[in-house]
Amino acid sequence: MTEKDIQEITELLSSHKRIAITTHQFPDGDAMGSSLALYHYLKLRGHSASVVVPTYYPDFLHWMPGDEEVTNYMTHQHKALDLLEQAEILFCLDYDQPGRTKGLADAVENFEGSKILIDHHPNPGEFADYTLSVIEASSTAELIYEFILMLNDEALIDANIATCVYSGILTDTGSFSYGSTTYRAHYVAGEMIKAGADNLTIQNEIFNSNSEDRVRLMGYALSDRLTILTEFNTGYISLSIEDLARFNFQNGDTEGLVNYILSIKGISFAVLMLERDKSVKCSFRSIGQFPSNEVAREHFNGGGHTNASGGEHSGSLAEAEKLFRSVLPQYKKQLGR
Ligand SMILES: [Mn+2]
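Conventions and cut-offs
Residues numbered from 1 in each chain as written. Predicted model: local features only at pLDDT ≥ 70, side-chain atom pairs only at ≥ 80, totals over all residues. Core = buried A, V, L, I, M, F, W, Y, C linked by C-beta atoms within 7 Å. Buried ≥ 20, exposed ≤ 12 C-beta atoms within 10 Å, placed from the backbone. Contact = placed C-beta atoms within 7 Å. Axes fitted to C-alpha atoms, helices over the stretch in contact; angles between N-to-C directions. Helix = DSSP H or I, 4+ residues; strand = E, 2+ residues; numbered from the N terminus. Parallel < 35°, antiparallel > 145°, perpendicular 65-115°, else oblique. Left-handed = near helix turned anticlockwise from the far one by under 90°. Nonpolar A, V, L, I, M, F, W, Y, C, P; charged D, E, K, R; others polar. Pairing = 2+ DSSP bridges.

Glancing now at the nonpolar core. The biggest cluster of nonpolar side chains holds 63 residues, and the ones touching the most others in it are Ile21, Val52, Leu84, Phe91, Ile144 and Val165. Apart from residues lying up to four places away in sequence, Ile21 is in contact with Ser35, Leu38, Tyr39, Ala49, Ser50, Val51, Val52, Phe91 and Leu93. Listed in part, the 25 residues of the second largest apolar core include Tyr236, Ile261, Leu274 and Ala320.

As structure tokens, this is what we get:
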């Protein structure tokens, strides 16, 4: 983002605007944290702002301040599209392509006002008028903080903004454990605590609010459905529709499960495969340099970050497992550590 961009955005925001904030489908902690942080900031600036999400998001993210104001396209299609239609400014947070917003994609693509993209994914698309893209940033939430700084509004950061930014950083760094956990991530998190984020409460809301079913599903997945491929320093968990039904699976229940595989000494690549109706959703995680996003992109119609990415396979669970095992040999050298 250039000096000129910042001047133009400052100008844009100097008078009252109707603003829509969008994020990617199946929003995670960073998607919701960055969206709601920006929402609170824009409200403080006197704008009419609204957060519009393409799909539902997990229960453990519904406590954030401002959550009751979020419009979900899946349940309120008309309202969601109206909000985008009526907006003069559209923020695109935590996604690199309009397609990531699923049902909102056309509205995002054809939006006629000013589009501002703030994101940390590699290779962001050139679909916005202004782009703040920092691949090294821990999270989009961290970039919302930088954005507020660029607009010289640090003094406006209150407990609501701080809570949402902190939550985004906490979740997108896997509790400050991924490779993206920089000095800046810790610094901004510290600043957020100073500004009123209650880090212990946030920790509790996000990590200590499991249902019994969820914990039992995790236990079952790790004891019965985990395969370790020592030769490739790789592990994967695959869960069928029946497995999920047995534990009354709710969206978000398998969040973080894939990280347990990485916690095994020597494992540097891990995958969670979840059977859907006619496809298998895959979450890839890696430690160090191994490009999980390359595997996601080249074999599973997906993409993402080096250490955290996702994809999908059209077919059965058994086929997805077979495909995954069949592509590992070509990465054998990179998987050695
Ligand atoms: Mn993110």
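What follows deals with the packing of helix α6 (residues 159–172) against helix α8 (residues 199–207). Helix packing geometry: the angle between the two helix axes and the distance between the axes. Two elements in contact, α6 and α8, have axes whose closest approach is 10 Å; the angle formed by their N-to-C orientations is 55°. When the axes of α6 and α8 are compared, the pair comes out oblique. Judged by the twist between their axes, the crossing of α6 over α8 is right-handed. On α8, the residues that touch Thr163, Tyr166, Ser167, Leu170 and Thr171 of α6 are Asn199, Ile202 and Ile206. Along the lines of polarity and charge, the residues of the contact of α6 with α8 split into four nonpolar, four polar and no charged.

Moving on, we come to the packing of α6 against helix α7 (residues 183–194). Axis separation between α6 and α7 bottoms out at 9 Å; the angle between their running directions is 150°. On the basis of the axis angle, α6 is roughly antiparallel to α7. Like other packed secondary-structure pairs, α6 and α7 cross with a definite hand, here left-handed. Contacts from Ala162, Val165, Tyr166 and Ile169 of α6 reach α7 at Ala185, Val188, Ala189, Met192 and Ile193.

Below, the discussion takes up the pairing of strand β2 (residues 48–53). For β2, a buried count of five out of six residues is recorded, marking the element as mostly surrounded by other parts of the structure. Bridge count for strand β1 (residues 18–23) against β2 is five bridges, and the pairing is parallel. Across the sheet, residue Ile21 finds its bridge partner in β2, namely Val51. Across two bridges, β2 lies against strand β3 (residues 71–72) in parallel orientation. Looking at β3, one finds that Val52 is bridged to Thr71.

So, on to the pairing of strand β10 (residues 279–286). Of all eight residues in β10, six are buried; the element is thus mostly enclosed. The pairing of strand β9 (residues 269–275) with β10 spans seven bridges and is classified as antiparallel. Residue Leu272 lies in a different strand from β10, and its bridge partner there is Ser283. One ladder, built from seven bridges, connects β10 with strand β12 (residues 308–314); its direction is antiparallel. Within β12, the position partnered with Ser283 by the bridge is Gly310.

Okay, the sheet that holds strand β7 (residues 226–229) next. The mixed open sheet is built from six strands, whose spatial order is β7-β8-β9-β10-β12-β11. Among the strands making up the open sheet, the edge pair consists of β7 and β11 (303–304). Note: strand β8 (residues 234–239) against β9, six bridges, orientation parallel. Bridged to Leu239 within β9 is Leu274. Those strands touched by helix α12 (residues 292–299) are β9, β10, β11 and β12, and its axis lies near 20° from that of β12. Contacts between helix α13 (residues 317–327) and the sheet are confined to β8, β9, β10 and β12, with β9 contributing the most and set at about 160° to the helix.

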